[in-house]
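# Working through the structure, step by step
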Amino acid sequence: MHRFISLLAVLILSGCATSAAIYKSGIKFEGLNVVKNTFGYHVNLNIDKKIDLKAEGCGQYSVQSIMASPLIPLPPVVPVDDGEAKSNVNELLAFVITSWKGEELKASNNYLLLTLNGVSTKVTISNTSRNEVAKEIITYKYQTNIKCGSIKDATLEVKGFHEPNLIYKLNYYEGTEFEAGYLSA
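These notes cover the structure that comes with them. (Residues numbered from 1 in each chain as written. Predicted model: local features only at pLDDT ≥ 70, side-chain atom pairs only at ≥ 80, totals over all residues. Heavy atoms only, no water.)

Under the definition given, this model contains three aromatic pairs. Consider the rings of F29 and Y168, whose centres lie 6.4 Å apart with planes at 80 degrees: the pair is edge-to-face. With F29 in strand β1 (residues 15-30) and Y168 in strand β12 (residues 167-184), this residue pair connects regions lying 139 residues apart in the sequence. Judged by relative accessible area, F29 falls into the buried class, the value being 2%. You can call Y168 buried: its relative accessible area is 1%. Ring plane angle 70 degrees and centroid distance 6.0 Å describe the contact between Y41 and Y173, whose orientation is recorded as edge-to-face. Here the residue Y41 occupies a position in strand β3 (residues 40-46), and Y173 occupies one in strand β12, the gap between them amounting to 132 residues. Positioned above the aromatic ring of Y111 is the side chain of K122, whose terminal nitrogen or guanidinium carbon lies 4.5 Å from the ring centre. (Phe/Tyr/Trp six-rings, centres within 6.5 Å; stacked < 30°, edge-to-face > 60°. Helix = DSSP H or I, 4+ residues; strand = E, 2+ residues; numbered from the N terminus. Buried < 20%, exposed > 50% of the residue type's maximum accessible area, 1.4 Å probe, protein only. Lys NZ or Arg CZ within 6 Å of the ring centre and 35° of its normal.)

Here it is, written out as structure tokens:
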């Protein structure tokens, strides 16, 4: 019995395997300087000046179920709907450009050209805000009247920057993904 408890203690203290079912939704960007992380996609429009672009209003990251185990292989996870995840297909799409070093964008020159089903829509800055604590962080919001779920095989062209070829392919995605990992002490 003492051996069993010692073995169990070693397994528990040495690490833990986890698996999870996670509901994710958002806008997928494809093109130059696209970064994908756990919570979605963003674009580095200008790496030196630290200017980023991301979609807003469509993204969601909701853990539906999680299971931990001191043994490998991992046990299967059965998604359990906790009521938090809901589809964002009918939410309105917005884009946000963040200038992390205080680089100001000229509203008259800077706009986005969103092409969906062969129809191009010019999207201009609808709101500009400066971070209260870190004054060098400026955000520019571009609100659309287009629903997230309609973004299929769309293109987004960023106008007003000195960098050429700022064209990105966009698609809305949603669904449950299974993730697994091993945490060690």
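A word on the sheet that holds strand β9 (residues 127-130). Strands belonging to one sheet form pairs held by backbone hydrogen bonds; the direction of such a pair is parallel or antiparallel. Strand order in the open sheet made by the six strands is β2-β3-β4-β6-β10-β9, with antiparallel pairing throughout. The sheet terminates laterally at β2 (34-37) and β9, the two strands that pair on one side only. Taking the axes of each pair of neighbouring strands and ignoring which way they run, one obtains an average angle of 25 degrees across the sheet. (Pairing = 2+ DSSP bridges. Axes fitted to C-alpha atoms, helices over the stretch in contact; angles between N-to-C directions.)

Next up on the list: unusual backbone geometry. Even without a glycine there, the phi angle at K50 is positive, about 55 degrees. According to the relative accessible area criterion, K50 is partly exposed, its value standing at 42%. At N117, a position not held by glycine, the phi torsion is positive, near 55 degrees. Here N117 shows up in the loop between β7 (111-116) and β8 (119-123).

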